[in-house]
Structures are given as C-alpha cells and as structure tokens.
Amino acid sequence: MKLGLLLLATTLPIAAFAQNSSTTVNSSTEYPNTFSSGSANVQPFDNKARRFRDWSISVGGGPAFMVHSDLKSIRKDKINWGYNAYVSIDKQISHTFGLSIMYTRGETKQTGQLAGAAGQSAGVATATTQFDQLALLGDINFSNLLRRVDNHSPYRWAFHGYMGIGLQGYRTSLHDNDVNKWGNKTTPAFIDVPLGIGSVYYQGGLGLKYNVSKLIDIEARTMYFISGDEEFDGGGFAYSNYNLINPRKSDNSWAVTLGASFKLGKHESHLAWHDPLQEAYYRTSVLENASTDLVVCEKGDADNDGVCDDWDRQLDTPAGARVDGAGVALDIDLDGVIDLYDKCVTVPGPVENNGCPVK
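My aim in this report is to walk through the structure given alongside it, one point at a time. Nothing here was measured: the structure is a model prediction, and the numbers come from that model. (Residues numbered from 1 in each chain as written. Predicted model: local features only at pLDDT ≥ 70, side-chain atom pairs only at ≥ 80, totals over all residues. Heavy atoms only, no water.)

## As for the overall build of the protein chain
Next, step 1: Of the regular secondary structure elements, the protein chain holds four helices and nine strands.
Next, step 2: The order of α-helices and β-strands along the protein chain, N terminus first, is α-β-β-β-α-β-α-β-β-β-β-β-α.
Next, step 3: The buried share of the protein chain, taken over its 359 residues, is 38%.
Next, step 4: Looking at the protein chain alone, contacts between residues at least 24 apart form 58% of all its contacts between residues at least 6 apart. (Helix = DSSP H or I, 4+ residues; strand = E, 2+ residues; numbered from the N terminus. Buried < 20%, exposed > 50% of the residue type's maximum accessible area, 1.4 Å probe, protein only. Contact = heavy atoms within 4.5 Å.)

Given below as structure tokens:
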C-alpha cells in the first residue's frame, strides 16, 4: 500500500509537467486544439477541400408483388404484376456508407379465396393496393467495406446493401362475388390510409451497381417491404374474413427495380467509387519506382576522415585524427595542438611541448 502511494506521488508531478511542457503548440483562433504530433498542419474541411462528388439523384422502377400476406400476387396458377417506381436524393458520407431520402409510388394486385362454403360463394377475390412511401434509407457499399488488401485492381461493379425506415399511405379495394362485388346494392371494400406517422414501414434489400461513367451509374435492386399493417394487402378491415386467411399480422411486399444514379458535382470521381487502398498502393508504387536523385559524396573524401569533400572544411586532415561534423580535426583543450598529436589532451600547453604545460 505504501509502495503504491509512493509511486502515485512520484508519477503525478511527472504527468503534470508533461502536460505543461513545451511539447504543446500554442493554440490559435484558426486551429484552436493543435499539438506537436503534426495535427497543426491541417486545413479547413470545406467545399474547396473536397476531392470527390458525394451527391447524386437516383430514379428507377420495376415490378412489385404482395408476397407474404393474406391475398398474394404470386400463385401457382397466375402472377399478378404490379409496379414500383422511386426517386431519391443521395448523400455519400464515406466510401462505404451513404444516406438517401427516397419517395416511392407503386401498385400491387393480389388474389385470395376463403375456405369452405364462404369461398365457394365469393369465388376468387381480387384486391389492389396503391401506395406512396417516404423513407430514409441507409446504403452500405460491401465492395468497399469487404475489399481485400491484396486486390490492387480498379473495379466498375459494386455490391450494395440497403436498410431503411419510413412512412407510407395507401389505398386498397377488394372485389369478390358475394359481399364485396360490383352491383346495385353492394360495393367493393375500400380502405384509405393517408401518409403519416401512424403508418410506419421498414425496408431492406440488395443492389448491384455499375459505374458507367463519371456522371452515371446504373443499378439492379431488389427490396423487401415490411408494412406492419394487416390491411395493406387489400383484405379489408383488420378482422375481416380475408385477413384471417393467414395468421401473419404484417402484409409484406417485394419489388425489383432497374435504376440510374446521376452523380452531381465537378470532381472527377464519386466518393462511392473511391477505394483508399488504391490511393495508398498508387503512392507506394510511385515511391518504389522513383529514380534516386540524391548523390552522396559526389566529390569524394580525399582525406578519408568520413566527411565528404562537398562540405569538408579541412581537406587534408591527418590520417587517424578525430574530426567534427565539418571535417576539422578535434582540439579539445584548444591549445593549437590537435588531439592526434597532443600528449595532454585535456590540459592546454605550447606546441613546442607537444601540447603539455611547461613545469
């Protein structure tokens, strides 16, 4: 215990001295927290300092289907095709991660049939869901994130993963041959949910992107949508018979799209296609292949004292004499006799007495 207190009492003053020593660089109003580690050599990160494009606008579209729900778009006997289209504003945060604000509009068509006599009476019911979605979407560039350090080749294809959350509004209609039929007395069942905080949905998916040019990317994308809503498939109100076909409480859809991204800005390349390893490899290659321009001892070392003649101030130093950095023979006691010949190296004396004092 006493030893520990002694060590603490010893180290605290040392630490305090280290904090107040001359190793720190005086702060300035431009760079208020800089230290001698090299961080004082910085520049502001602003638009002028950017090296890559990092904004883009994306558009795309393709088929959409209601898949995990009571009424389904894909059945053994028939596929009911819908559509899905999106537009987004994309911001690349780093070479591996980006964010998008996305608006999506689409429509799915699905069918289903009740069991037993009720199903025979109503026949195959058809439903339509029209939806509008506004989402915040995260984008992970797996090709950059998982790129091997020994892969030195540039690439034009990139594998992306997406995950997001948003709000949606939708309008559904349900038709069958019984209660929900077109006729003089009965009408289809309609549900209208406005886009708002009361209808949150989630989405995730994968994309394969190709770098066409410095201005355009194209991408094939597949996305899965989790509505969290029992009425999203058009089966009517939550506890209708059609919504009891499947015990699942969330009607989910799936979409496949082909889209294009238009990269904004004046820089040569986009941050999503930048691999920092490639830049490091390039700079290393330049250094490895650079020719050596520095020539050491171009004029040689005539007196062989270890100091090049280019900066030797005494070109005829006697052999065996110790010299300083300028090639001058050492005379420690400054008596005019170099140490090589001085019999009393540390005591001054006349030349006639070999550098020793006269007794």
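## Digging into the pattern of salt bridges
Next, step 1: By the definition in use, this model includes eight salt bridges.
Next, step 2: Here Asp 132 and Arg 171 are joined by a salt bridge, their closest N and O atoms 3.1 Å apart. On the criterion of sequence distance, the pair formed by Asp 132 in strand E4 (residues 125-141) and Arg 171 in strand E5 (residues 157-175) is long-range, its members being 39 residues apart.
Next, step 3: Take Arg 171: its relative accessible area is 30%, and that puts it in the partly exposed class. (Salt bridge = Lys/Arg side-chain N within 4 Å of Asp/Glu carboxyl O.)

## A closer look at empty space enclosed by the protein
Next, step 1: This model, assessed by the stated rule, comprises two cavities of 30 Å³ or more.
Next, step 2: In this structure, the largest cavity encloses a volume near 180 Å³.
Next, step 3: In this structure, the largest cavity is lined by 21 residues; those nearest its centre are Ser 56, Asp 90, Gln 92, Asp 139 and Lys 209.
Next, step 4: Contributions of two or more residues to the lining of the largest cavity are made by strand E1 (55-68), strand E2 (82-92), strand E3 (97-112), strand E8 (216-226) and strand E9 (252-264). (1 Å grid on protein atoms, 1.4 Å probe; cavity = no way out; pocket = protein on both sides within 12 Å on 5 of 7 lines; lining within 4 Å. Points joined across faces, edges and corners; volume = space filled by probe spheres on them.)

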